[in-house]
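# Chain and residue survey
Take a look at the letters that make up each chain.
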Amino acid sequence: MGKEFRAQLRARFAEHHPGPPPKGRDARLAWQRAWCATAVDHGLAGPSWPREHGGMELAFEEQVVYAEEAARARVPGVPGTGVGIAGPTIIRYGTEEQKARLLRPMLRADVIWAQGYSEPDAGSDLPALRTTAVRVGGHYMVDGQKVWSSSADIADILFTLVRTGAPDSGRDGITYLLIDAHARGVTVRPLRDMTGDAGFCEIFFDGVEVPVENRIGEEHQGWGITRTSLGHERAAGALTQARFYDRIVRELAGLAAACGRDDEPLVRQRLAHFAGAQRIMTLNAGRMIATIVRDGEPGPASSTSRLFNTVFEQQLHEFAVDLLGPIGLLDRRDPDAVERGRWTRGFLRTRASTIGAGTAEIQRNTIAERVLGLPHD
Ligand SMILES: Cc1cc2nc3c(=O)[nH]c(=O)nc-3n(C[C@H](O)[C@H](O)[C@H](O)COP(=O)(O)OP(=O)(O)OC[C@H]3O[C@@H](n4cnc5c(N)ncnc54)[C@H](O)[C@@H]3O)c2cc1C
(Lines give C-alpha, C1' and ligand atoms only; values in the text may rest on other atoms or scores of the structure.)
Protein backbone atom coordinates (compact mmCIF):
# COMPACT_ATOMS: atom_id res chain seq x y z
CA MET A 1 0.00 0.00 0.00
CA GLY A 2 2.78 2.48 1.06
CA LYS A 3 4.93 1.51 -1.93
CA GLU A 4 2.04 1.82 -4.33
CA PHE A 5 1.12 5.26 -3.00
CA ARG A 6 4.73 6.43 -3.32
CA ALA A 7 5.02 5.11 -6.89
CA GLN A 8 1.76 6.80 -7.91
CA LEU A 9 2.80 10.08 -6.37
CA ARG A 10 6.20 9.94 -8.03
CA ALA A 11 4.61 9.32 -11.43
CA ARG A 12 2.07 12.13 -10.99
CA PHE A 13 4.71 14.64 -9.88
CA ALA A 14 6.75 13.71 -12.97
CA GLU A 15 3.69 14.03 -15.23
CA HIS A 16 2.74 17.54 -14.06
CA HIS A 17 6.17 18.97 -13.15
CA PRO A 18 6.58 22.44 -14.74
CA GLY A 19 10.30 22.02 -15.46
CA PRO A 20 13.27 23.92 -14.05
CA PRO A 21 12.77 27.38 -12.53
CA PRO A 22 13.00 30.28 -14.99
CA LYS A 23 15.37 33.20 -14.33
CA GLY A 24 14.08 36.44 -12.87
CA ARG A 25 11.86 37.07 -9.88
CA ASP A 26 8.59 37.70 -11.75
CA ALA A 27 9.00 34.69 -14.04
CA ARG A 28 9.82 32.51 -11.05
CA LEU A 29 6.77 33.70 -9.16
CA ALA A 30 4.55 33.00 -12.19
CA TRP A 31 6.11 29.50 -12.41
CA GLN A 32 5.34 28.85 -8.73
CA ARG A 33 1.77 30.12 -9.05
CA ALA A 34 1.10 28.05 -12.16
CA TRP A 35 2.35 24.93 -10.38
CA CYS A 36 0.20 25.58 -7.27
CA ALA A 37 -2.94 25.91 -9.40
CA THR A 38 -2.08 22.76 -11.40
CA ALA A 39 -1.33 20.85 -8.22
CA VAL A 40 -4.72 21.73 -6.67
CA ASP A 41 -6.55 20.94 -9.89
CA HIS A 42 -4.90 17.48 -10.06
CA GLY A 43 -5.26 16.64 -6.37
CA LEU A 44 -1.54 17.05 -5.67
CA ALA A 45 -1.56 19.91 -3.14
CA GLY A 46 -2.27 20.40 0.56
CA PRO A 47 -1.42 16.91 1.86
CA SER A 48 -2.96 17.62 5.28
CA TRP A 49 -5.78 19.89 4.07
CA PRO A 50 -9.43 18.83 3.77
CA ARG A 51 -10.45 17.69 0.29
CA GLU A 52 -13.36 20.13 0.16
CA HIS A 53 -10.84 23.00 0.31
CA GLY A 54 -8.51 21.66 -2.37
CA GLY A 55 -6.32 19.41 -0.21
CA MET A 56 -5.54 15.70 -0.27
CA GLU A 57 -6.59 14.85 3.31
CA LEU A 58 -3.85 12.22 3.65
CA ALA A 59 -3.19 10.11 6.72
CA PHE A 60 -0.09 11.36 8.53
CA GLU A 61 2.14 8.50 7.32
CA GLU A 62 1.15 9.40 3.75
CA GLN A 63 1.96 13.05 4.41
CA VAL A 64 5.49 11.95 5.25
CA VAL A 65 5.75 10.12 1.91
CA TYR A 66 4.36 13.22 0.20
CA ALA A 67 7.06 15.44 1.79
CA GLU A 68 9.77 13.02 0.67
CA GLU A 69 8.50 12.73 -2.89
CA ALA A 70 7.89 16.48 -3.27
CA ALA A 71 11.50 17.12 -2.15
CA ARG A 72 12.75 14.42 -4.52
CA ALA A 73 10.79 15.77 -7.50
CA ARG A 74 11.89 19.33 -6.65
CA VAL A 75 8.45 20.75 -7.31
CA PRO A 76 8.15 24.54 -6.87
CA GLY A 77 7.40 25.88 -3.39
CA VAL A 78 4.28 27.85 -2.53
CA PRO A 79 4.86 31.63 -2.63
CA GLY A 80 4.18 33.55 0.59
CA THR A 81 3.81 32.13 4.09
CA GLY A 82 0.07 31.47 4.24
CA VAL A 83 -0.20 27.77 3.42
CA GLY A 84 2.08 26.54 6.22
CA ILE A 85 0.93 28.95 8.94
CA ALA A 86 -2.38 30.73 8.30
CA GLY A 87 -3.97 27.79 6.46
CA PRO A 88 -3.94 25.31 9.36
CA THR A 89 -5.12 28.10 11.70
CA ILE A 90 -8.14 28.88 9.50
CA ILE A 91 -8.89 25.18 9.05
CA ARG A 92 -9.05 24.92 12.82
CA TYR A 93 -10.57 28.25 13.90
CA GLY A 94 -12.21 29.78 10.82
CA THR A 95 -15.97 29.87 10.24
CA GLU A 96 -17.40 27.78 7.38
CA GLU A 97 -17.82 30.99 5.36
CA GLN A 98 -14.15 31.94 5.92
CA LYS A 99 -12.93 28.47 4.98
CA ALA A 100 -14.98 28.48 1.76
CA ARG A 101 -13.82 32.00 0.85
CA LEU A 102 -10.14 31.81 1.78
CA LEU A 103 -8.61 28.35 1.66
CA ARG A 104 -8.76 27.18 -1.95
CA PRO A 105 -7.47 30.50 -3.44
CA MET A 106 -4.62 30.38 -0.88
CA LEU A 107 -3.62 26.84 -1.84
CA ARG A 108 -3.81 27.64 -5.58
CA ALA A 109 -1.68 30.78 -4.94
CA ASP A 110 -4.39 32.83 -6.67
CA VAL A 111 -4.10 34.92 -3.50
CA ILE A 112 -0.72 35.25 -1.76
CA TRP A 113 -0.50 35.61 2.01
CA ALA A 114 2.18 37.12 4.26
CA GLN A 115 2.58 37.08 8.02
CA GLY A 116 2.52 40.40 9.91
CA TYR A 117 3.29 39.56 13.53
CA SER A 118 6.65 41.18 14.41
CA GLU A 119 6.95 44.89 15.18
CA PRO A 120 9.99 47.11 15.79
CA ASP A 121 9.67 46.56 19.58
CA ALA A 122 7.91 43.21 19.56
CA GLY A 123 9.85 40.30 18.10
CA SER A 124 10.88 37.70 20.68
CA ASP A 125 8.52 39.47 23.06
CA LEU A 126 5.55 39.30 20.67
CA PRO A 127 2.85 39.96 23.32
CA ALA A 128 4.29 43.52 23.56
CA LEU A 129 2.86 44.31 20.09
CA ARG A 130 1.24 47.76 19.73
CA THR A 131 -0.56 47.88 16.38
CA THR A 132 -4.11 48.78 17.40
CA ALA A 133 -7.48 47.72 15.98
CA VAL A 134 -10.46 49.70 17.25
CA ARG A 135 -13.98 48.40 16.53
CA VAL A 136 -16.16 50.94 14.71
CA GLY A 137 -19.49 49.35 13.71
CA GLY A 138 -18.83 46.51 11.27
CA HIS A 139 -15.13 47.41 10.88
CA TYR A 140 -11.89 47.62 12.77
CA MET A 141 -9.69 50.71 12.28
CA VAL A 142 -6.08 49.54 12.25
CA ASP A 143 -3.06 51.76 12.98
CA GLY A 144 0.54 50.74 13.56
CA GLN A 145 3.63 49.17 12.06
CA LYS A 146 4.86 45.65 11.30
CA VAL A 147 8.36 44.62 10.25
CA TRP A 148 10.34 41.68 8.78
CA SER A 149 7.24 40.43 6.99
CA SER A 150 8.50 37.87 4.44
CA SER A 151 7.05 38.23 0.91
CA ALA A 152 4.72 41.08 1.95
CA ASP A 153 5.57 42.94 -1.27
CA ILE A 154 3.90 40.19 -3.32
CA ALA A 155 1.09 39.52 -0.85
CA ASP A 156 -2.63 40.16 -1.24
CA ILE A 157 -3.59 39.30 2.35
CA LEU A 158 -1.64 39.99 5.53
CA PHE A 159 -2.46 37.74 8.48
CA THR A 160 -1.73 39.83 11.52
CA LEU A 161 -1.91 40.05 15.27
CA VAL A 162 -3.28 43.36 16.51
CA ARG A 163 -4.10 44.89 19.87
CA THR A 164 -7.78 45.16 20.61
CA GLY A 165 -7.41 45.27 24.39
CA ALA A 166 -5.88 47.95 26.64
CA PRO A 167 -2.19 48.82 25.97
CA ASP A 168 -1.10 46.72 28.96
CA SER A 169 -3.40 43.76 28.21
CA GLY A 170 -0.49 41.59 26.99
CA ARG A 171 -1.53 38.21 25.59
CA ASP A 172 -5.16 38.73 26.65
CA GLY A 173 -5.80 41.71 24.36
CA ILE A 174 -4.59 40.37 21.00
CA THR A 175 -6.82 39.60 17.99
CA TYR A 176 -6.08 37.65 14.78
CA LEU A 177 -7.03 39.83 11.80
CA LEU A 178 -6.71 39.40 8.03
CA ILE A 179 -5.88 42.68 6.31
CA ASP A 180 -6.21 43.35 2.57
CA ALA A 181 -2.65 44.30 1.52
CA HIS A 182 -4.08 46.57 -1.20
CA ALA A 183 -6.50 48.44 1.10
CA ARG A 184 -6.33 52.22 1.51
CA GLY A 185 -3.88 53.15 4.31
CA VAL A 186 -1.58 50.12 3.87
CA THR A 187 2.01 50.88 2.83
CA VAL A 188 4.44 48.01 2.18
CA ARG A 189 8.14 48.82 1.83
CA PRO A 190 10.66 46.11 0.90
CA LEU A 191 13.79 45.92 3.10
CA ARG A 192 17.03 44.92 1.42
CA ASP A 193 19.01 42.27 3.30
CA MET A 194 22.71 41.42 3.12
CA THR A 195 22.23 38.98 0.21
CA GLY A 196 21.11 41.96 -1.89
CA ASP A 197 17.54 40.64 -2.11
CA ALA A 198 14.50 42.19 -0.51
CA GLY A 199 12.85 39.09 0.94
CA PHE A 200 11.01 40.90 3.65
CA CYS A 201 9.24 44.21 4.21
CA GLU A 202 8.06 46.77 6.71
CA ILE A 203 4.34 47.55 6.70
CA PHE A 204 2.54 50.68 7.86
CA PHE A 205 -1.18 50.79 8.70
CA ASP A 206 -2.70 54.24 8.73
CA GLY A 207 -6.42 54.18 9.53
CA VAL A 208 -7.01 50.95 7.60
CA GLU A 209 -10.64 49.72 7.60
CA VAL A 210 -10.91 45.96 8.07
CA PRO A 211 -14.32 44.25 7.97
CA VAL A 212 -15.20 42.25 11.08
CA GLU A 213 -15.70 39.17 8.82
CA ASN A 214 -11.89 39.13 8.50
CA ARG A 215 -11.36 38.33 12.18
CA ILE A 216 -10.34 34.74 12.86
CA GLY A 217 -11.82 33.51 16.14
CA GLU A 218 -13.11 35.78 18.86
CA GLU A 219 -11.84 39.24 19.77
CA HIS A 220 -8.90 39.12 22.25
CA GLN A 221 -8.37 35.40 21.56
CA GLY A 222 -5.63 35.85 18.93
CA TRP A 223 -2.75 34.67 21.11
CA GLY A 224 -4.27 31.27 21.77
CA ILE A 225 -5.15 30.94 18.09
CA THR A 226 -1.57 31.56 16.94
CA ARG A 227 -0.38 28.88 19.33
CA THR A 228 -2.49 26.36 17.43
CA SER A 229 -0.78 23.08 16.75
CA LEU A 230 1.45 23.57 13.73
CA GLY A 231 3.49 20.59 14.75
CA HIS A 232 2.49 18.38 11.84
CA GLU A 233 3.61 20.90 9.24
CA ARG A 234 6.84 21.50 11.18
CA ALA A 235 7.61 17.79 11.25
CA ALA A 236 6.99 17.42 7.51
CA GLY A 237 9.05 20.60 6.95
CA ALA A 238 11.94 19.19 8.99
CA LEU A 239 11.89 16.06 6.85
CA THR A 240 11.89 18.08 3.63
CA GLN A 241 14.80 20.12 4.99
CA ALA A 242 16.73 16.95 5.86
CA ARG A 243 16.16 15.61 2.32
CA PHE A 244 17.31 18.92 0.88
CA TYR A 245 20.54 18.85 2.89
CA ASP A 246 21.22 15.27 1.84
CA ARG A 247 21.74 16.70 -1.65
CA ILE A 248 23.60 19.80 -0.43
CA VAL A 249 26.11 17.74 1.59
CA ARG A 250 26.88 15.71 -1.55
CA GLU A 251 27.31 18.92 -3.52
CA LEU A 252 29.61 20.24 -0.79
CA ALA A 253 31.79 17.14 -1.19
CA GLY A 254 31.79 17.90 -4.93
CA LEU A 255 32.94 21.43 -4.19
CA ALA A 256 35.81 20.11 -2.04
CA ALA A 257 36.86 17.87 -4.95
CA ALA A 258 36.57 20.73 -7.45
CA CYS A 259 38.81 22.85 -5.18
CA GLY A 260 41.31 19.96 -5.11
CA ARG A 261 41.02 19.75 -1.33
CA ASP A 262 39.10 16.51 -0.79
CA ASP A 263 42.22 14.59 0.23
CA GLU A 264 43.06 16.95 3.11
CA PRO A 265 42.39 15.17 6.43
CA LEU A 266 40.78 18.22 8.07
CA VAL A 267 38.50 18.79 5.08
CA ARG A 268 37.50 15.12 5.05
CA GLN A 269 36.81 15.28 8.78
CA ARG A 270 34.50 18.28 8.34
CA LEU A 271 32.69 16.63 5.41
CA ALA A 272 32.17 13.53 7.55
CA HIS A 273 30.83 15.76 10.32
CA PHE A 274 28.24 17.32 7.97
CA ALA A 275 27.25 13.94 6.56
CA GLY A 276 26.72 12.70 10.14
CA ALA A 277 24.82 15.84 11.15
CA GLN A 278 22.55 15.46 8.12
CA ARG A 279 21.70 11.93 9.35
CA ILE A 280 20.87 13.42 12.76
CA MET A 281 18.50 15.90 11.05
CA THR A 282 16.76 12.97 9.38
CA LEU A 283 16.59 11.02 12.64
CA ASN A 284 15.22 14.03 14.55
CA ALA A 285 12.51 14.47 11.91
CA GLY A 286 11.76 10.74 12.21
CA ARG A 287 11.51 11.05 16.02
CA MET A 288 9.03 13.91 15.68
CA ILE A 289 6.98 11.97 13.17
CA ALA A 290 6.94 8.87 15.37
CA THR A 291 5.82 10.98 18.35
CA ILE A 292 3.04 12.54 16.28
CA VAL A 293 1.83 9.13 15.15
CA ARG A 294 1.85 7.96 18.80
CA ASP A 295 0.69 11.07 20.73
CA GLY A 296 -0.76 13.42 18.11
CA GLU A 297 1.86 16.13 18.92
CA PRO A 298 5.56 16.38 17.98
CA GLY A 299 6.76 16.83 21.58
CA PRO A 300 9.96 18.51 22.72
CA ALA A 301 11.98 17.20 19.77
CA SER A 302 10.57 20.03 17.64
CA SER A 303 12.58 22.77 19.42
CA THR A 304 15.79 20.72 19.59
CA SER A 305 15.40 19.77 15.94
CA ARG A 306 14.88 23.37 14.85
CA LEU A 307 17.89 24.64 16.81
CA PHE A 308 20.07 21.82 15.48
CA ASN A 309 19.03 22.41 11.86
CA THR A 310 19.54 26.17 11.87
CA VAL A 311 23.01 25.94 13.44
CA PHE A 312 23.88 23.11 11.00
CA GLU A 313 23.04 25.12 7.90
CA GLN A 314 25.06 28.09 9.13
CA GLN A 315 28.13 25.94 9.85
CA LEU A 316 27.85 24.15 6.51
CA HIS A 317 27.89 27.41 4.54
CA GLU A 318 30.70 28.86 6.69
CA PHE A 319 32.75 25.81 5.77
CA ALA A 320 31.89 26.12 2.04
CA VAL A 321 33.08 29.73 1.98
CA ASP A 322 36.25 28.77 3.89
CA LEU A 323 36.92 26.03 1.33
CA LEU A 324 36.68 28.51 -1.53
CA GLY A 325 39.18 30.88 0.07
CA PRO A 326 39.34 34.48 -1.27
CA ILE A 327 37.19 33.63 -4.32
CA GLY A 328 34.41 32.81 -1.87
CA LEU A 329 34.02 36.55 -1.36
CA LEU A 330 32.63 36.97 -4.88
CA ASP A 331 28.88 37.01 -5.21
CA ARG A 332 26.64 36.15 -8.16
CA ARG A 333 27.15 39.54 -9.82
CA ASP A 334 30.80 38.68 -10.43
CA PRO A 335 31.51 36.51 -13.52
CA ASP A 336 34.29 34.69 -11.60
CA ALA A 337 31.98 33.68 -8.75
CA VAL A 338 32.01 29.90 -8.21
CA GLU A 339 28.68 28.22 -9.09
CA ARG A 340 27.16 31.67 -9.63
CA GLY A 341 27.90 32.61 -6.02
CA ARG A 342 25.50 30.07 -4.50
CA TRP A 343 27.73 29.20 -1.51
CA THR A 344 28.45 32.84 -0.70
CA ARG A 345 24.76 33.59 -0.97
CA GLY A 346 23.93 30.61 1.25
CA PHE A 347 26.46 31.86 3.79
CA LEU A 348 24.81 35.31 3.85
CA ARG A 349 21.27 33.93 3.78
CA THR A 350 21.76 31.52 6.68
CA ARG A 351 22.86 34.32 9.03
CA ALA A 352 19.10 34.84 9.39
CA SER A 353 18.35 31.16 10.11
CA THR A 354 18.94 31.56 13.83
CA ILE A 355 16.70 34.67 13.97
CA GLY A 356 13.55 34.01 11.90
CA ALA A 357 10.65 32.06 13.46
CA GLY A 358 12.18 32.48 16.93
CA THR A 359 15.86 33.14 17.64
CA ALA A 360 18.33 30.47 18.75
CA GLU A 361 18.34 32.02 22.24
CA ILE A 362 14.56 31.71 22.46
CA GLN A 363 14.78 28.08 21.25
CA ARG A 364 17.34 27.44 24.00
CA ASN A 365 15.04 29.05 26.58
CA THR A 366 12.22 26.78 25.38
CA ILE A 367 14.42 23.69 25.63
CA ALA A 368 15.64 24.72 29.10
CA GLU A 369 12.17 25.41 30.47
CA ARG A 370 9.87 22.98 28.66
CA VAL A 371 12.20 20.08 27.92
CA LEU A 372 14.65 20.17 30.83
CA GLY A 373 12.22 21.67 33.37
CA LEU A 374 14.63 24.41 34.47
CA PRO A 375 13.25 27.55 36.20
CA HIS A 376 11.51 30.21 34.07
CA ASP A 377 13.79 32.96 32.59
C1 LIG B 1 14.54 35.76 7.48
C2 LIG B 1 13.49 36.27 8.44
C3 LIG B 1 12.17 36.19 8.09
C4 LIG B 1 11.19 36.67 8.95
N5 LIG B 1 9.88 36.62 8.55
C6 LIG B 1 8.91 37.14 9.35
C7 LIG B 1 7.55 37.20 8.90
O8 LIG B 1 7.22 36.76 7.79
N9 LIG B 1 6.64 37.76 9.72
C10 LIG B 1 6.94 38.25 10.94
O11 LIG B 1 6.06 38.71 11.64
N12 LIG B 1 8.24 38.24 11.41
C13 LIG B 1 9.23 37.70 10.62
N14 LIG B 1 10.54 37.70 11.04
C15 LIG B 1 10.86 38.32 12.32
C16 LIG B 1 11.32 37.35 13.40
O17 LIG B 1 10.22 36.61 13.89
C18 LIG B 1 12.01 38.17 14.49
O19 LIG B 1 13.16 38.76 13.92
C20 LIG B 1 12.41 37.33 15.68
O21 LIG B 1 11.28 36.88 16.38
C22 LIG B 1 13.32 38.13 16.63
O23 LIG B 1 12.74 39.34 16.95
P24 LIG B 1 13.58 40.69 16.84
O25 LIG B 1 14.20 40.75 15.48
O26 LIG B 1 12.69 41.82 17.25
O27 LIG B 1 14.79 40.56 17.87
P28 LIG B 1 14.70 40.76 19.44
O29 LIG B 1 13.53 40.02 19.99
O30 LIG B 1 14.78 42.22 19.73
O31 LIG B 1 16.01 40.05 19.92
C32 LIG B 1 17.30 40.67 19.89
C33 LIG B 1 18.31 39.72 20.53
O34 LIG B 1 17.96 39.52 21.93
C35 LIG B 1 17.80 38.14 22.20
N36 LIG B 1 16.71 37.92 23.15
C37 LIG B 1 15.49 38.52 23.15
N38 LIG B 1 14.74 38.05 24.17
C39 LIG B 1 15.49 37.14 24.83
C40 LIG B 1 15.28 36.32 25.97
N41 LIG B 1 14.11 36.33 26.64
N42 LIG B 1 16.27 35.48 26.35
C43 LIG B 1 17.47 35.46 25.68
N44 LIG B 1 17.73 36.23 24.59
C45 LIG B 1 16.76 37.05 24.18
C46 LIG B 1 17.45 37.51 20.86
O47 LIG B 1 17.77 36.13 20.81
C48 LIG B 1 18.30 38.33 19.90
O49 LIG B 1 19.61 37.83 19.87
C50 LIG B 1 11.54 37.23 10.21
C51 LIG B 1 12.89 37.31 10.56
C52 LIG B 1 13.86 36.83 9.70
C53 LIG B 1 15.30 36.94 10.10
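See the structure printed just above.
Let me begin by describing the structure that accompanies this report. A quick note: this is a predicted structure, and the numbers were derived from the prediction, not measured. (Residues numbered from 1 in each chain as written. Predicted model: local features only at pLDDT ≥ 70, side-chain atom pairs only at ≥ 80, totals over all residues. Heavy atoms only, no water.)

## Quick notes on the packing of helix 1 (residues 2–16) against helix 3 (residues 60–73)
Put simply, helix 1 and helix 3 touch, their axes get as near as 10 Å, and they point 35° apart. For helix 1 against helix 3, the interelement crossing comes out right-handed. When helix 1 is examined against helix 3, the residues Phe5, Arg6, Leu9, Arg10 and Phe13 are found in contact with a partner set consisting of Glu62, Val65, Tyr66, Glu68, Glu69, Ala70, Arg72 and Ala73. Taken together, the residues of the contact of helix 1 with helix 3 break down into 7 nonpolar, no polar and 6 charged. (Axes fitted to C-alpha atoms, helices over the stretch in contact; angles between N-to-C directions. Helix = DSSP H or I, 4+ residues; strand = E, 2+ residues; numbered from the N terminus. Left-handed = near helix turned anticlockwise from the far one by under 90°. Contact = heavy atoms within 4.5 Å. Nonpolar A, V, L, I, M, F, W, Y, C, P; charged D, E, K, R; others polar.)

## Structural notes on a positive patch on the surface
A contiguous patch of positive charge, built from Arg171, Arg227, Arg234 and Arg370, is present on the exposed surface. Tracing the backbone through its elements, the reader meets Arg370 in helix 11 (residues 360–371). On the basis of relative accessible area, Arg370 is assigned to the exposed category, the value being 62%. (Patch = residues over 30% accessible without salt bridge, like charges linked within 9 Å, V, L, I, M, F, W, Y side chains within 5 Å. Areas by Shrake-Rupley, 256 points an atom, 1.4 Å probe, with all protein chains shown as cover. Salt bridge = Lys/Arg side-chain N within 4 Å of Asp/Glu carboxyl O. Lys, Arg positive; Asp, Glu negative; His and termini not counted. Charge placed at Lys NZ, Arg CZ, Asp CG, Glu CD. Buried < 20%, exposed > 50% of the residue type's maximum accessible area, 1.4 Å probe, protein only.)

## Some thoughts on empty space enclosed by the protein
Tallying each qualifying case throughout the model produces 2 cavities of 30 Å³ or more. Of the pockets and cavities examined, the largest cavity occupies roughly 50 Å³. Around the largest cavity, the lining residues are Thr195, Asp331, Arg332, Arg340, Gly341, Arg345 and Leu348. In terms of residue class, the lining of the largest cavity is built from 1 nonpolar, 2 polar and 4 charged. When its volume is computed, the second largest cavity comes out at roughly 40 Å³. Lining the second largest cavity, in full, are Val78, Pro79, Gly82, Val83, Met106, Ala109, Val111, Ile112 and Trp113. When grouped by side-chain class, the residues that make up the lining of the second largest cavity number 8 nonpolar, 1 polar and no charged. (1 Å grid on protein atoms, 1.4 Å probe; cavity = no way out; pocket = protein on both sides within 12 Å on 5 of 7 lines; lining within 4 Å. Points joined across faces, edges and corners; volume = space filled by probe spheres on them.)

## What about the environment of Gln63?
With respect to the helices, strands and loops of the structure, Gln63 is situated in helix 3. The sequence separation of Gln63 and His317 amounts to 254 residues, and the corresponding C-alpha distance is 30 Å. Excluding residues that lie within four positions of it along the chain, Gln63 makes contacts with Pro47, Ser48 and Leu58.

## Digging into a nonpolar patch on the surface
Together, Val371, Leu372 and Leu374 line one region of the surface with nonpolar side chains, adding up to about 270 Å² of accessible area. Position of Leu372 relative to the elements: it lies in the segment after helix 11. You can call Leu372 exposed: its relative accessible area is 58%.

## Here's the deal with the site of the ligand
Neighbouring the ligand are 18 residues, the closest being Ser118, Ser124, Trp148, Thr359 and Glu361. Contacts to the ligand include Thr359, whose side-chain N or O atom sits 2.7 Å from an oxygen atom. Breaking the shell around the ligand down by element, the ones donating at least two residues are strand 3 (139–150) and helix 11. Partitioned by chemical class, the residues of the shell around the ligand number 7 nonpolar, 9 polar and 2 charged. (Near = heavy atom within 4 Å. Polar contact = N/O pair within 3.5 Å; in protein donor to acceptor, adjacent residues only side chain to side chain.)

## Notes on the pattern of salt bridges
Under the definition given, this model contains 23 salt bridges. Arg10 serves as the salt-bridge partner of Glu69, at 2.8 Å between the closest nitrogen and oxygen. Taken as a pair, Glu69 in helix 3 and Arg10 in helix 1 lie far apart in primary sequence, 59 residues in all. Judged by relative accessible area, Glu69 falls into the buried class, the value being 2%. A salt bridge links Arg130 to Asp121; the shortest N-O distance between them is 3.2 Å. Exposure class is identical for Arg130 and Asp121. Each is exposed. A single salt-bridge network, built from bridges that share partners, covers Arg6, Arg10, Glu68, Glu69 and Arg243.

Any functional reading would require information beyond the geometric quantities listed.
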